[in-house]
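Report on the structure
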Amino acid sequence: MKSTLLVCVAMLFSSIAISQNAPNQQFLTDRPDLIIKADELKNFPGGQLIEMLLGRLPGLDHMNVQIQENEIVFLVDGFIWQSIDAIPIHNIEEIAYYRGGLSAKLGVQNGRAAAGVIVITTKTSKFRQPISAEINVLLGNNSFEEELMGGKRSTLQRYHMVLSQGLEQFSWRASAVYNKASRNLTGYDFTDQLQLNGDVRFAPVQWLELGLNANYAPTDGVAPVKRIGGSYDLKVFENKVSLDNWNGLFNIKLKPLKGLLNEVSILKNNNSSDVYTKKVTNNGNEQFTSEDLGSIKFNSLSLMNNLSYRLGIAADKIKFKAVGIFQYNDLKIDQEILGVNYIGPNSQLEMTMENAMWSRMKFYVFGGDLTVNLYNLLSIQAGVRGDKYKGSSEKPLYAPFYYADLNLKQAFLQDVAAVNEFRFYSSYGQYRCDVEVQGLPDNFGYDFMPGVPNNNALNLSSEKMKMQNYGIKTVYFGDRLHLSGDWYQNDSYIYWYINVPGAGGMGAGTTFLLPVKNTGWRLWASANAITNSKFKWNTGFNLFKNNTVIKQNLGAISSFDVKFENKPALQAGMQQGFSYANLSLNLNGSAYFDHPLLTVTNSGNGLQYHMEESTFVNLNYLSLGYRFKKEMIGAVLKNVNISLVARNIGQYKKRLTDATMSRTIGLAINANL
């Protein structure tokens with residue numbers, strides 16, 4: 001009853017308030033580390049956004065892409081999404097990347113996001129534009145390493161079409177995408193995916209706008225795969241995958257007064273996945289057959305209200321912006337694992353396994369911040385966020401954050417024409433420890449319901465994680481050269497399963513919660529090297545290193561001390577863009593150097609362990625394109641581009657055998673009608 005009343009009050013408040021900018025701009029500073037327009041990615045011959053961003057985002061780990069994806073918060077049109085699989089790349093307007101303390105503004109939903117926050121702004125229908133159509137086609141061939149995937153090949157296909165129209169008060173946009181074998185980041189893909197998107201806008205009066213956006217993305221696939229390794233012959237007879245993602249976003253924008261803005265948004269988000277596998281292992285005369293079914297269902301309902309007010313004084317040289325946020329979240333997760341195993345020459349011994357998990361989390365968010373800009377010299381944004389769990393007797397945990405930048409160009413370099421911008425910035429944030437959300441064993445000392453205290457000794461419901469970064473951003477020669485760098489630190493926690501030795505050599509497995517410190521530094525740059533001729537050249541480069549340190553004395557076990565320090569390789573990314581007349585060439589690459597790698601060999605003296613340094617250099621993406629002249633395509637077509645595209649075609653490996661990314665060569669066609 002209380003939650004229903006709060007939601008109704010928020011809706012009523014919104015109906016008499018006013019509109020604001022896109023909701024994602026209220027959560028994070030307007031100064032992202034990097035912005036990528038979706039047109040830069042639309043011809044990438046793959047379907048996973050995280051792969052498209054390799055080499056482009058400073059700090060995105062190239063060695064552990066799947067792990068890194070789990071450490072990124074995806075903020076789509078103001079809301080956190082558990083899966084971004086329902087978004088076609090052609091429906092993305094831009095991607096903004098943030099790292100540092102300010103991402104703590106997302107509170108408990110921030111997780112342990114060591115890799116930062118990716119803010120995605122989707123395309124919406126525009127008012128006052130004629131009806132138009134856009135068609136994008138990509139056809140390619142995927143190939144895989146012989147020893148890893150048995151020489152498998154597949155045909156990558158992507159067909160995308162969008163129709164849109166904008167009247168004076170009403171606009172609409174609809175798109176459909178079909179993908180086949182497009183997600184080959186870490187293995188052989190055999191899925192067919194359909195992505196449907198619709199967006200409508202209605203503005204009956206100047207100060208009111210209503211919007212509705214819906215996405216639906218079912219994915220299915222069945223494939224036989226055979227792998228052989230060592231003395232074991234493993235055959236996967238069946239591998240069925242079924243994914244179902246859909247969501248709907250409704251928002252109201254009201255803008256009756258100058259400077260006072262408000263927006264209310266409601267998101268319903270559902271994701272489900274079912275994976276069935278049947279496999280047989282032969283080892284001599286013994287045969288092992290297993291059938292496994294894993295099912296995960298996630299659904300959420302979120303309501304968010306943002307209120308902001310802008311004010312300028314002293315001829316608008318001193319600016320203020322105040323923001324208030326209220327958000328209600330209802331998250332539900334169901335997970336089930338079923339397994340049947342048959343052992344023996346004739347599969348006469350049967351074993352079954354069933355495991356089910358369920359969790360639900362309801363919480364409210366109260367927060368706000370104040371931004372002050374003084375003569376474009378000093379800008380400070382500071383605020384606080386509180387997360388309150390329903391059913392918890394604890395008071396809301398309020399976590400502070402701030403972002404500040406000092407314009408050194410305005411202060412000391414106004415007469416230096418070559419320097420256009422020189423800013424020092426810093427940010428810091430705290431947020432609630434999210435361990436209760438995960439659900440831990442009873443003997444671990446936590447309740448399954450997040451935020452609810454128990455009688456055990458351990459309880460981190462009031463603990464805070466911390467994030468911070470400090471850096472410099474500079475621009476030279478009339479926006480032609482950008483140089484930036486920073487240092488960051490994220491103090492967080494991880495779960496670690498440890499087998500603790502006991503009496504008589506026996507031991508017991510115990511899960512510990514250990515503090516982890518992620519630190520790193522980044523350098524990134526971009527330049528429009530040649531702009532004043534038919535031949536144009538732009539380039540980008542980034543260099544970074546991420547370190548992870550875990551060190552904790554476990555107290556009760558006085559002789560046991562955990563110490564782990566991971567010092568990975570120096571990593572780099574590169575982009576190059578060339579154009580001459582109607583021809584274009586774009587390249588993107590990534591690399592890491594001298595990464596510590598543990599290898600194990602079996603000799604007559606038993607297992608031998610070696611620590612070696614591996615290096616991997618990869619050409620992630622290549623596109624050679626031609627844009628047809630207007631007189632060549634007629635009056636119906638606005639523009640037509642055709643490109644030869646490829647990924648992972650140029651690789652250098654040193655002491656590395658497990659880079660499973662597929663090689664793809666294809667043809668992309670883009671047309672506007």
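Report on the accompanying structure. Owing to the predicted nature of the structure, the values given are computational and were not obtained by experimental measurement. (Residues numbered from 1 in each chain as written. Predicted model: local features only at pLDDT ≥ 70, side-chain atom pairs only at ≥ 80, totals over all residues. Heavy atoms only, no water.)

So, on to the packing of aromatic side chains. Under the definition given, this model contains 11 aromatic pairs. Where Tyr403 meets Tyr425, the ring centres are 6.3 Å apart and the plane angle is 25°; that geometry is what we call stacked. In this pair, Tyr403 sits in strand S18 (residues 397-407) while Tyr425 sits in strand S19 (residues 419-432), placing the two residues 22 residues apart along the sequence. Across this residue pair, the class does not change: Tyr403 and Tyr425 are buried. Pairing Tyr476 with Phe477 gives two aromatic rings, centres 6.3 Å apart and planes at 45°, and the pair type is tilted. When its relative accessible area of 17% is taken as the criterion, Tyr476 is described as buried. Judged by its relative accessible area of 51%, Phe477 is exposed. (Phe/Tyr/Trp six-rings, centres within 6.5 Å; stacked < 30°, edge-to-face > 60°. Helix = DSSP H or I, 4+ residues; strand = E, 2+ residues; numbered from the N terminus. Buried < 20%, exposed > 50% of the residue type's maximum accessible area, 1.4 Å probe, protein only.)

Of note, Gln414 is situated in the loop between helix H6 (408-412) and S19. Here Gln410 takes part through its backbone oxygen, which lies 2.6 Å from a polar atom of the side chain of Gln414. (Polar contact = N/O pair within 3.5 Å; in protein donor to acceptor, adjacent residues only side chain to side chain.)

A word on the pairing of strand S2 (residues 72-76). Counting buried residues in S2 gives 5 out of 5 residues, a clear majority hidden from the surface. Burial along S2 is two-sided: Ile72, Phe74 and Val76 facing one way and Val73 and Leu75 facing the other are all buried. Sheet topology places S2 next to strand S5 (residues 116-122); 5 bridges connect them, and they run parallel. Paired with Leu75 across the two strands is Val119, which belongs to S5. Summarising the sheet, S2 and strand S3 (residues 79-80) pair through 2 bridges and their orientation is antiparallel. The residue of S3 that forms the bridge with Leu75 is Ile80. (Pairing = 2+ DSSP bridges.)

So, about the pattern of salt bridges. Applying the stated criterion to the full structure yields 15 salt bridges. Between Arg56 and Glu40 there is a salt bridge whose closest N-O contact spans 3.8 Å. Of this pair, Arg56 sits in the loop between helix H3 (49-52) and helix H4 (65-70) while Glu40 sits in the loop between strand S1 (34-37) and H3, placing them 16 residues apart in sequence. Through salt bridges that share partners, Asp33, Lys473, Asp486 and Arg522 make up one connected network. (Salt bridge = Lys/Arg side-chain N within 4 Å of Asp/Glu carboxyl O.)

Its location among the elements puts Val475 in strand S20 (residues 464-476). Measuring from C-alpha to C-alpha, the distance between Val475 and Lys409 comes to 9.9 Å, with 66 residues separating the pair along the chain. Val475 has contacts with Ala418, Val419, Asn420, Glu421, Leu481 and His482, leaving out every residue within four places of it along the chain. (Contact = heavy atoms within 4.5 Å.)

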